[in-house]
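For reference, the chains in residue letters:
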Amino acid sequence: SEEDLERHFEQVIARDQRIEPRDWMPEGYRNTMIRQIAQHAHSEIIGMQPEGNWITRAPSLRRKAILLAKVQDEAGHGLYLYSAAETLGADRTDLTERLITGRQKYSSIFNYPTLSFADVGVIGWLVDGAAICNQVPLCRSSYGPYARAMIRICKEESFHQRQGYELLMTMMKGTAEQRELVQDAVNRWWWPSLMMFGPPDADSPNTARSMAWKIKRHTNDELRQRFVDMTVPQAEALGVELPDPELKWNPDRGHYDFGEIDWAEFKRVVSGDGPCNAERVAHRARTHSEGAWVREAAAAHAAKQRKEAEA
Ligand code: FAQ
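Residues numbered from 1 in each chain as written. Predicted model: local features only at pLDDT ≥ 70, side-chain atom pairs only at ≥ 80, totals over all residues. Heavy atoms only, no water.

Peer 1: Please clarify how helix α1 (residues 2-14) should be interpreted in this entry.
Peer 2: For the α-helix, the turn length of 3.6 residues means that residues three or four positions removed from each other point alike. Its 13 residues place the ends of α1 18 Å apart at the C-alpha level, agreeing with the 18 Å of an ideal helix rising 1.5 Å per residue. Along α1, the residues classified as buried are Phe9, Val12 and Ile13. On an axial view of α1, the arc spanned by its buried residues comes to 100°, and they lie on one face. Those residues of α1 that are exposed and aimed more than 90 degrees away from the buried face are Glu3 and Ala14. Close packing links the buried residues of α1 with α2 (27-46) and α9 (207-212). (Helix = DSSP H or I, 4+ residues; strand = E, 2+ residues; numbered from the N terminus. Expected span 1.5 Å × (residues − 1). Buried < 20%, exposed > 50% of the residue type's maximum accessible area, 1.4 Å probe, protein only. Arc of directions from axis to C-beta. Contact = heavy atoms within 4.5 Å.)

Peer 1: I'm lost on the packing of helix α4 (residues 61-86) against helix α7 (residues 144-172) in this one. Help?
Peer 2: In helix packing, the relevant descriptors are the interaxial angle and the interaxial distance, both defined with respect to the helix axes. α7 packs onto α4 with a crossing angle of 160° between their chain directions and a minimal axis gap of 11 Å. In terms of orientation, α4 and α7 fall into the roughly antiparallel class. The element α4 and its partner α7 pack so that their crossing is left-handed. In terms of residue class, the contact of α4 with α7 is built from eleven nonpolar, four polar and nine charged. (Axes fitted to C-alpha atoms, helices over the stretch in contact; angles between N-to-C directions. Parallel < 35°, antiparallel > 145°, perpendicular 65-115°, else oblique. Left-handed = near helix turned anticlockwise from the far one by under 90°. Nonpolar A, V, L, I, M, F, W, Y, C, P; charged D, E, K, R; others polar.)

Peer 1: How should the environment of Phe266 be read in this particular structure?
Peer 2: Note on placement: Phe266 falls in helix α11 (residues 263-273). Apart from the residues within four sequence positions on either side, Phe266 is in contact with Ser108, Met195, Gly198 and Pro199.

Peer 1: Quick question: what am I supposed to make of the packing of α7 against helix α8 (residues 176-195) here?
Peer 2: Interaxial distance between α7 and α8 falls to 8 Å at its minimum, and their mutual angle equals 140°. One way to sum up the angle between α7 and α8 is to call them oblique. For the pair formed by α7 and α8, the contact residues are Leu168, Met171 and Met172 on the first element and Gln178, Arg179, Leu181 and Val182 on the second. Grouping the constituent residues of the contact of α7 with α8 by class yields five nonpolar, one polar and one charged.

Peer 1: Looking at this structure, how should I read helix α10 (residues 220-238)?
Peer 2: For α10, built from 19 residues, the straight-helix expectation of 27 Å at 1.5 Å per residue is met to within 8% by its first-to-last C-alpha distance of 27 Å. Largest kink in α10: about 25°, centred on Thr231, with the proline Pro233 one to four residues after it. Along α10, the residues classified as buried are Asn220, Leu223, Arg224, Gln225, Phe227, Val228, Asp229, Thr231, Val232, Ala235 and Leu238. Contacts made by the buried residues of α10 are with α6 (118-135), α7, α8, α9, β2 (255-257) and α11. A positive backbone phi angle near 85° is found at Gly239, which sits one or two residues after α10. (Bend = angle between axes of the 7 residues up to and from the residue.)

Peer 1: I'm lost on the pattern of salt bridges in this one. Help?
Peer 2: Two side chains that carry opposite charge are able to pair once their charged atoms sit near each other. This model, assessed by the stated rule, comprises 18 salt bridges. Between Arg92 and Glu86 there is a salt bridge, with the nearest N and O atoms lying 3.3 Å from each other. For Glu86, a relative accessible area of 35% gives the class partly exposed. Salt-bridge contacts for Arg152 lead to Glu156; the nearest nitrogen and oxygen are separated by 3.6 Å. On the criterion of helical spacing, the pair formed by Arg152 and Glu156 is a turn pair, its members being four residues apart in helix α7. Given a relative accessible area of 47%, Arg152 falls into the partly exposed group. (Salt bridge = Lys/Arg side-chain N within 4 Å of Asp/Glu carboxyl O.)

Peer 1: How should I be thinking about the site of the ligand in this particular structure?
Peer 2: Of all residues adjacent to the ligand, which total 35 residues, the nearest are Gln39, Lys105, Ser204, Lys216 and Asn220. One of the backbone N or O atoms of Asn206 is found 2.9 Å from an oxygen atom in the ligand. Here the ligand, which alone exposes 1100 Å², has 91% of that area covered by the protein. Taken together, the elements giving at least two residues each to the shell around the ligand come down to α2, α4, α6, α7 and α11. Top element by residues in the shell around the ligand is α2. It accounts for six residues. Per-class residue counts for the shell around the ligand are 13 nonpolar, 13 polar and nine charged. (Near = heavy atom within 4 Å. Polar contact = N/O pair within 3.5 Å; in protein donor to acceptor, adjacent residues only side chain to side chain. Areas by Shrake-Rupley, 256 points an atom, 1.4 Å probe, with all protein chains shown as cover.)

Peer 1: Hey, could you run me through the side chain of Ser108 in this one?
Peer 2: Among the secondary structure elements, Ser108 is positioned in the loop between α5 (92-100) and α6. For Ser108, a relative accessible area of 6% puts it in the buried group. Ignoring any residue separated from it by four or fewer positions in sequence, one finds Ser108 in contact with Met195, Phe266, Val269 and Val270.

In structure tokens:
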């Protein structure tokens, strides 16, 4: 009966075991998982654009090869995550449609422009750093296919983070102009990186439910604090300043205090009105329609093979 199924589901969650695609799950759980995985997949796909902007202008063959590999990894993560969403009954064509018509979200962070090559380094350091902080606990998320996808994705994100930090270290050892470019990029990306963790706990409609279902293992504010604590010593080692005069070690809390995030800006960017939202979505829509012939050719080929197999 429905009650037995529900009891079994609750037991699996309580025992820290995984929910698998064929298991019964409450509709709310399924919808939350589809929402989060789709948003995550869309973020990886849209997230190729800011850095992709610099592939043709990378300063050396080595930097170009690294950047190409990183952006390709992001495409891979996106496709991997769309597959995880499909295990819940979502349709990939429909998800893409929802992305390009603005009905599904992607991370606010990818709506900011990349103005210099230092931005490539800062995205690796701060954006991938924040992504790792958020995603390592998701390796223990209760939905099996998502948790397993996170293991591989986190390994690749760690490499991405290191390449960003190494790029910045190189620039910081360069000319005064290079150091200025790094500082300017840090000034622009620091606050948006903190926004990646989502609204403060008090304004986060999904956290309580997702924590109870063990989809999320920590709240948005807990992970944001962890990221700040981890990043401050890295900024010191790098020799850059984080643009927050209130950033200060608090010995009583055993954490860094930091200033108030501009939540009005966050809301603006999430609701579609950030610096690059229109450009990002338009680019995705354009490449989707330019790729139609590939999808049609693949479908025609599959149909032909099916026919041949039947004959
Ligand atoms: N941007 O109730 P909550 C990457 C939405 S990393 C836009 O707290 P939840 C790697 C939220 O969806 C970036 N929307 O929601 C990379 C919800 O929407 P609703 C992707 C945001 O889900 C690096 C509403 O606000 N990572 O791609 C944002 O419990 C470099 C209320 O919020 C993930 O997606 C935001 N920042 O917690 C690629 C990680 N924050 O209900 C390229 C997985 C919140 O209105 C280059 N996701 N919203 O539809 C998660 O961990 C969670 O979904 C959170 C939000 C923590 C993001």
